[in-house]
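# Fold and geometry: a report
Next come the chains, spelled out residue by residue.
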There are 2 protein chains.
Amino acid sequence: MSLFPTEGNISIKDVAKAAGVSHPTVSRALADSPLVAAETKQRIQRIAGEMGYIPSAIARGLVTKRTATVGLVVTTIADPFISEVVRGVEENALDNGYSVILCNCNAEPERELVCVRTLREKRVDAVIVASSRVGSLYVPLLQELGIPVVLINNQHEGHYVYSVRTDDRRGGYLIGEHFCSLGHRRIAYISGPPNAHSSLDRLEGCRLALQERGLDIPDEWVVPGDGRTEGGEAGANLLLRCSPHPTAIFCYNDVTAIGALQAVKSAGLCMPADLSLAGYDDIAFAAFVDPPLTTVAQAKYTLGQRAMDMTLSLLNGQGETDDVVFTPHLVERASCAPIPPEVSQG
Amino acid sequence: MSLFPTEGNISIKDVAKAAGVSHPTVSRALADSPLVAAETKQRIQRIAGEMGYIPSAIARGLVTKRTATVGLVVTTIADPFISEVVRGVEENALDNGYSVILCNCNAEPERELVCVRTLREKRVDAVIVASSRVGSLYVPLLQELGIPVVLINNQHEGHYVYSVRTDDRRGGYLIGEHFCSLGHRRIAYISGPPNAHSSLDRLEGCRLALQERGLDIPDEWVVPGDGRTEGGEAGANLLLRCSPHPTAIFCYNDVTAIGALQAVKSAGLCMPADLSLAGYDDIAFAAFVDPPLTTVAQAKYTLGQRAMDMTLSLLNGQGETDDVVFTPHLVERASCAPIPPEVSQG
DNA sequence: CCTGCACTTGCACACGTGTTCATTCTACTA
DNA sequence: TAGTAGAATGAACACGTGTGCAAGTGCAGG
């Protein structure tokens, strides 16, 4: 039936036979156990190497109940922010002998269910979730498997659930502060995916900064987005129809901002003279659009790396239960400018 | 030691006991085998569901010698082109009950070795490689495991090795043709990673188009890059120092082009009046830089999806051994313009 | 010389599942 | 009624590895 040889890999018993010992001895020798004589150990290791023996993680996992595999659930790998996080997780995992099973469930509930089911079947040791809209489905499901669950940029109370995140309220605050310092008073927000914790927090932080200065974002200027360029374009078009329209728009993330930027240019407005725009994440391309995007930088790669660190600690029983919170910082580029005098009168 | 309950998942035997049957009967019932009585089958399925039984893919894999898992090796997930390919692979895999183990080896040989080793240990059913610089290491290593190896945008002769790719020579040809039709005669190329098959093919295709029109790219105008913005910047800076400098630059990919674009602007040149620039891949952001990038579009998502299709065919023994080649097409945007008259005299 | 300990190794079992084969039971046919 | 075919189920084994325990060897101390 199959095109491929079904000969199967050579097993530990084959090595044992070749070395003239029993298979437990081989097992111990390859694990560098002090229980086998140094000379024997060396000989077995040499023979195993010559035979090209590769132990089966499957069989090992069956007995040890550890697979050295973690599940990584993301909304979409196409988002550059997520990509960087994934890179951090994966590299750290590999460096520590772990593998990563990637699950790309596009915020579709049915797909989420399949992902969780698959990860359970594969008996992953832990799950890392880098998804904007978590909590609703995963976490209750994940909790009951009794394995560590580490959320990235999300929060959720409960057993076995930990989180690594940047302080989104702080990030939002930085933007609000920046807008104010440039003289803006008519400020709007294009949201992320519905129910995204991080989107609400960023908005809240921004509003706090404004309120401290006697300003606010009117509710009708909080328009829906989806974390993608499409949502940014739609949101910006909505806002541009207002009269007078906002002079500064804070976007849930850089991808949204790039979409919004496109809409603003299409409308014939001049950036940043007529309108200031800020994003969030500081993805690589934020510096390359025109005008370069003012944004809030979060340590994307580090975020992923740290999440894996925490996972390892949890698996090794070192009980690092404290959540990790990074502080973001503002990156000033050309997309935000002081409000022009004649408009400030308006 | 561990914080987490070691109670272990419930096994097929637990279900058997609860249903008052033997475990093979449960196994058959859940596989919907016609060997068990319809009534019994239904009862067992119900009980298994109520108990929340999830079969162990580990134990199953040990006996069936199939893990329903494929390895996906990439140079870096940070490249938007790769991200899209990964998305295509992953979604198709999930839809067919397969999982994807992601291996991000940054073109570092030692990391490549670890990846291959890990994938062997995990006994993946097949390996998909989306890496620009393959062949040197992987393929010989991968071949000897006797599992299907599917290369994306790469070629390599040998057993068990198949490929899905776009016609890079054709893509390069399209750019060459386009440059010529705009009147350009001084044309340069910024390469991708060293030894990248695709980079050489794109250059070759471009040169063919030029040669058909009595032109060529001089060797000293084929400058090295790395497939990242850094390489694009460096390459462009190198080319701008020439006098006279090229009027059109073809870049290995869009990321390279974005870097080059940055360098050109920094040099005070006007785009595209003073210099035309073309990329490759048509990543999402190519449309959003300034000026929007003329590029060659390849079906990134489809490429990944198709690679997984082929993998499934191979695993099911349907022997689809024919390589798949997609035809790319030109996407004209504002980064390429006709050569200005005074320059064409020069 | 005998006892006992340290060291080395093999035996046997377990992990959870799929599959082959034998067995039991039922119902139908000659 | 006896024989048999067929349906349903269980017993036993295999997959490849790790580990507790027993057994064997050699050496030192009493």
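That block above? That's the structure.
Quick summary incoming for the structure in this document. Note that the structure is a prediction, hence the values are computed from the model and not measured. Think of each chain on its own: its residues are numbered from 1, step by step along the sequence as written. Each chain takes a letter, starting from A, and each ligand takes a number, starting from 1, following the order in which they are written. The predicted nature of this model means local features are confined to residues of pLDDT at least 70 and side-chain atom pairs, given and counted, to a pLDDT of 80 or more, with totals for whole chains, interfaces and linings taken over all residues.

## A word on the environment of alanine 37 of chain B
In this text, helices come from DSSP runs of H or I with a minimum length of four residues, and strands from runs of E with a minimum of two, each type numbered from the N-terminal end. Relative to the helices and strands, alanine 37 of chain B resides in the loop between helix H2 (23-30) and helix H3 (38-51). Measuring from C-alpha to C-alpha, the distance between alanine 37 of chain B and threonine 25 of chain B comes to 9.8 Å, with twelve residues separating the pair along the chain.

## Overview of helix H12 (residues 300-315) of chain A
Expected helix span is computed as 1.5 Å times (number of residues minus one). Under the 1.5 Å per step criterion, the end-to-end length of H12 of chain A is 23 Å for 16 residues, consistent within 8% with the ideal 22 Å. Exposure criterion: with C-beta atoms placed from backbone coordinates, a residue whose C-beta has 20 or more other C-beta atoms within 10 Å is buried, one with 12 or fewer is exposed, and one in between is partly exposed. Of all the positions in H12 of chain A, only Lys300, Leu303, Gly304, Gln305, Arg306, Ala307, Met308, Met310, Thr311, Leu312, Leu314 and Leu315 of chain A are classed as buried.

## Notes on the protein's contact with DNA strand C
The rule is simple: place the C-beta atom from the backbone, and if it lies within 6 Å of a molecule or strand, the residue is near it. Of all residues adjacent to DNA strand C, which total 26 residues, the nearest are Ser11, Ile12, Pro24, Ser27 and Ala59 of chain B. Listed by contribution, the elements that provide at least two residues to the surface near DNA strand C are helix H2 (23-30) and helix H4 (57-64) of chain A together with helix H1 (12-19), H2 and helix H4 (57-64) of chain B. Considering every element that reaches the surface near DNA strand C, the biggest residue donor is H4 of chain B, with five residues. Residue composition of the surface near DNA strand C, grouped by class: 14 nonpolar, nine polar and three charged. For this classification, Asp, Glu, Lys and Arg are treated as charged, while Ala, Val, Leu, Ile, Met, Phe, Trp, Tyr, Cys and Pro are nonpolar and the rest, including Gly, are polar.

## Some thoughts on the protein's contact with DNA strand D
Residue and element names in this part refer to chain A. Of all residues adjacent to DNA strand D, which total 26 residues, the nearest are Ser11, Ile12, Pro24, Ser27 and Ala59. The element contributing the most residues to the surface near DNA strand D is H4, with five residues. Considered class by class, the residues forming the surface near DNA strand D number 14 nonpolar, nine polar and three charged.

## Structural notes on the packing of helix H5 (residues 80-95) of chain B against helix H12 (residues 300-315) of chain B
If you want to describe how two helices pack, look at the angle between their axes and the distance between the axes. Residue and element names in this part refer to chain B. Note on method: axes are straight lines fitted to C-alpha atoms, helices fitted across the in-contact stretch only, with angles between N-to-C directions ranging 0 to 180 degrees. Two elements in contact, H5 and H12, have axes separated by 7 Å at closest approach and are oriented at 40°. Relative to H12, the element H5 is oriented oblique. The crossing of H5 and H12 is right-handed. Two secondary-structure elements touch here, H5 through Phe81, Glu84, Val85, Val86, Arg87, Gly88, Val89, Asn92 and Ala93 and H12 through Lys300, Tyr301, Thr302, Leu303, Gly304, Gln305, Ala307, Met308 and Asp309. A per-class count over the contact of H5 with H12 returns nine nonpolar, five polar and four charged. Every angle not falling under 35 degrees, over 145, or within 65 to 115 is termed oblique; those three ranges are roughly parallel, roughly antiparallel and roughly perpendicular. By the definition used in this description, the sense in which the near helix is turned from the far one sets the handedness, with an anticlockwise turn below a right angle giving left-handed and a clockwise turn giving right-handed. Contact definition: two residues whose C-beta atoms, as placed from backbone geometry, lie within 7 Å.

## Focus on the sheet that holds strand E1 (residues 69-74) of chain B
When DSSP finds at least two bridges between two strands, those strands are taken to pair. Taken in spatial order, the twelve strands make up an open sheet running E11(A)-E5(A)-E4(A)-E3(A)-E1(A)-E2(A)-E2(B)-E1(B)-E3(B)-E4(B)-E5(B)-E11(B), and their pairing is mixed. The strands lining the two open edges of the sheet, one partner per strand, are strand E11 (324-326) of chain A together with strand E11 (324-326) of chain B. Across the sheet, the axes of successive neighbouring strands diverge by a mean angle of 20°, strand direction being ignored. As judged from the six bridges shared by strand E1 (residues 69-74) of chain A and strand E2 (residues 99-104) of chain A, these two strands associate in the parallel manner. Note that in E2 of chain A the partner of valine 70 of chain A across the bridge is valine 100 of chain A. Helix-sheet contacts for H12 of chain A involve E1, strand E3 (126-130), strand E4 (149-152), strand E5 (161-166) and E11 of chain A, and the interaxial angle to E5 of chain A is about 160°. The strands touched by helix H6 (residues 109-121) of chain B within the sheet are E2 of chain A together with E1, strand E2 (99-104) and strand E3 (126-130) of chain B, with E2 of chain B carrying the most contacts at an inclination of about 160°.

## Here's the deal with the interface of chain A and chain B
Facing the 51 residues of chain A at the interface are 51 residues of chain B. Looking at the side of chain A that touches chain B, the elements with two or more residues in it are H4, helix H5 (80-95), E2, helix H6 (109-121) and helix H11 (254-266) of chain A. The biggest single contributor to the side of chain A that touches chain B is H5 of chain A, with eight residues. Taken together, the residues that form the side of chain A that touches chain B break down as 27 nonpolar, 14 polar and ten charged. Examined bridge by bridge, E2 of chain A and E2 of chain B share two bridges and lie antiparallel to one another. Bridge pairing in E2 of chain B places isoleucine 101 of chain A opposite isoleucine 101 of chain B.

## So, the pairing of strand E8 (residues 248-251) of chain B
All names here are of chain B. Here E8 shows a buried face lined by Ala248 and Phe250 and a second buried face lined by Ile249 and Cys251. Pairing between strand E6 (residues 187-190) and E8: four bridges, direction parallel. Directly across from tyrosine 189, in E8, lies its bridge partner phenylalanine 250. Across three bridges, the pairing between E8 and strand E9 (residues 276-278) is parallel. When the bridges of E9 are listed, isoleucine 249 appears paired with leucine 277. Think of it like this: strands point away, you trace from the first strand over the helix to the second, and a clockwise trace means the crossover is right-handed. Each parallel crossover has a hand, and for E8 linked through helix H11 (residues 254-266) to E9 it is right-handed.

## Brief notes about the environment of aspartate 14 of chain B
Within the element layout of this structure, aspartate 14 of chain B appears in helix H1. Through-space distance from the C-alpha of aspartate 14 of chain B to that of leucine 35 of chain B is 21 Å; in sequence the pair is 21 residues apart.

## Topic: the packing of H4 of chain A against H4 of chain B
As a packed pair, H4 of chain A and H4 of chain B sit with axes 9 Å apart at the nearest point and diverge in direction by 135°. In terms of orientation, H4 of chain A and H4 of chain B fall into the oblique class. Relative to H4 of chain B, H4 of chain A is oriented so that their crossing is left-handed. Note on element contacts: H4 of chain B touches H4 of chain A through Ile58, Ala59, Gly61 and Leu62 of chain B, opposite Ile58, Ala59, Gly61 and Leu62 of chain A. For the contact of H4 of chain A with H4 of chain B, the per-class residue count stands at six nonpolar, two polar and no charged.

## As for the environment of aspartate 226 of chain B
Residue and element names in this part refer to chain B. Inspection of the secondary structure assignment puts aspartate 226 in the loop between strand E7 (222-223) and helix H10 (229-240). Here aspartate 226 falls in the buried class, since 22 other C-beta atoms lie within 10 Å of it. Linking aspartate 226 and methionine 308, residues 82 residues apart in sequence, is a C-alpha distance of 27 Å. Aspartate 226 has contacts with Pro193 and Gly231, leaving out every residue within four places of it along the chain.

## What about the sheet that holds E6 of chain B?
In a beta sheet, neighbouring strands are held together by backbone hydrogen bonds and run either parallel or antiparallel to one another. Residues and elements named next belong to chain B. Strand order in the open sheet made by the four strands is E7-E6-E8-E9, with parallel pairing throughout. Bordering the open sheet on either side are E7 and E9, each of which pairs with just one other strand. Lying on the sheet, H10 is in contact with E6, E7 and E8; it crosses E6 at an angle near 150°.

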